Amino acid sequence: MKSLEDRILSEGKALSDSVLKVNSFINHMVDPKLMHEIGDTFAAYYKDSSITKVVTIEVSGIAPAVYTAEALGVPLVILKKQTSKTLSGDVLQTNITSFTKGTSYELTLERAYVSPEDHVLIIDDFLANGEAATGAACLVQEAGASIAGIGILIEKSFQRGRSRLEKNGYKVTSLVRVSKLAKGKIEFMQADI
Ligand code: 5GP
């Protein structure tokens, strides 16, 4: 997606050879116009895939996932990173190690919100080693649903996330694929959409 690549080049910062900072339009301040365009782009790609729900991970997946779900005309389910007193009943959980924080958390889904009739599109902001996306996919499948694909805004293609997901049979559709990061340098390769 050219507009996302352009925005990364103008505002993104390679903090190291493995971490990209995009706090001014995705992770801290959010550009709703860009998120809307991203949602429309995923929805156009998946429009004939009989998606019944979009699933994302709090927090940074929510903005693009809301627009994707709205464009597809389906509900959005947000997987929780923190347990809460409002989570009750039958919950599914899996342990995830965070790429950026180095800590781990229990990703949680209340079973009532995803059912065996669902065909799900998973959306997340970044793909690095594939921990978060693998965990999300496992929860959705544990709830009995099927997965149409995993939509990623920014894939770091030099890390192992994509090959891990594809090896497990998931279709990955990334709007932007970063082939190389170095201080002051961001390079792209051909993306999926
Ligand atoms: P993974 O689980 O694939 O190893 O990492 C993906 C998750 O870590 C994403 O949900 C995102 O929150 C975070 N992440 C991974 N790499 C980066 C990065 O380079 N920049 C930012 N801002 N977040 C990242």
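Residues numbered from 1 in each chain as written. Predicted model: local features only at pLDDT ≥ 70, side-chain atom pairs only at ≥ 80, totals over all residues. Heavy atoms only, no water.

Another point: the pairing of strand β8 (residues 146–156). Of all the 11 residues making up β8, 10 are buried; the element is thus mostly covered by neighbouring parts of the structure. With 8 bridges joining them, strand β7 (residues 119–127) and β8 adopt parallel strand pairing. Bridge pairing in β8 links L121 to G149. Considered for its hand, the β-α-β crossover made up of β7, helix α5 (residues 131–142) and β8 is right-handed. Alignment of β8 against strand β9 (residues 172–182), held across 6 bridges, turns out to be parallel. The residue bridging I154 from the neighbouring strand is V176, located in β9. (Buried < 20%, exposed > 50% of the residue type's maximum accessible area, 1.4 Å probe, protein only. Helix = DSSP H or I, 4+ residues; strand = E, 2+ residues; numbered from the N terminus. Pairing = 2+ DSSP bridges. Right-handed = clockwise from strand over helix to strand, strands pointing away.)

All right, on to the site of the ligand then. The ligand sits among 16 residues. The nearest are L20, A128, G130, A132 and K156. Here a nitrogen atom of the ligand and a backbone polar atom of L20 are 2.7 Å apart. One nitrogen or oxygen atom from the side chain of N27 is found 3.0 Å from a nitrogen atom belonging to the ligand. Protein burial of the ligand: of its 500 Å² of free accessible surface, 89% is covered by the chains. Listed by contribution, the elements that provide at least two residues to the shell around the ligand are β7 and α5. Counting residues per element, the shell around the ligand draws most heavily on β7, which supplies 4 residues. (Near = heavy atom within 4 Å. Polar contact = N/O pair within 3.5 Å; in protein donor to acceptor, adjacent residues only side chain to side chain. Areas by Shrake-Rupley, 256 points an atom, 1.4 Å probe, with all protein chains shown as cover.)

Turning next to the packing of aromatic side chains. Applying the stated criterion across every chain yields a total of 1 aromatic pair. For the pair Y45 and Y46, a centre-to-centre distance of 5.0 Å together with 70° between the ring planes defines the contact as edge-to-face. We classify Y46 as buried; its relative accessible area is 1%. (Phe/Tyr/Trp six-rings, centres within 6.5 Å; stacked < 30°, edge-to-face > 60°.)

End to end, helix α3 (residues 32–46) covers 21 Å across 15 residues, agreeing with the expected 21 Å (1.5 Å per residue, within 8%). Of the positions making up α3, those classed as buried are L34, M35, I38, G39, T41, F42, A43 and Y46. Against α1 (2–11), α2 (23–27), α4 (62–72), β7, β8 and β9 lie the buried residues of α3. Regarding α3, its N-cap is D31, as a side-chain oxygen of that residue lies 2.9 Å from the backbone nitrogen of K33 further along. (Expected span 1.5 Å × (residues − 1). Contact = heavy atoms within 4.5 Å.)

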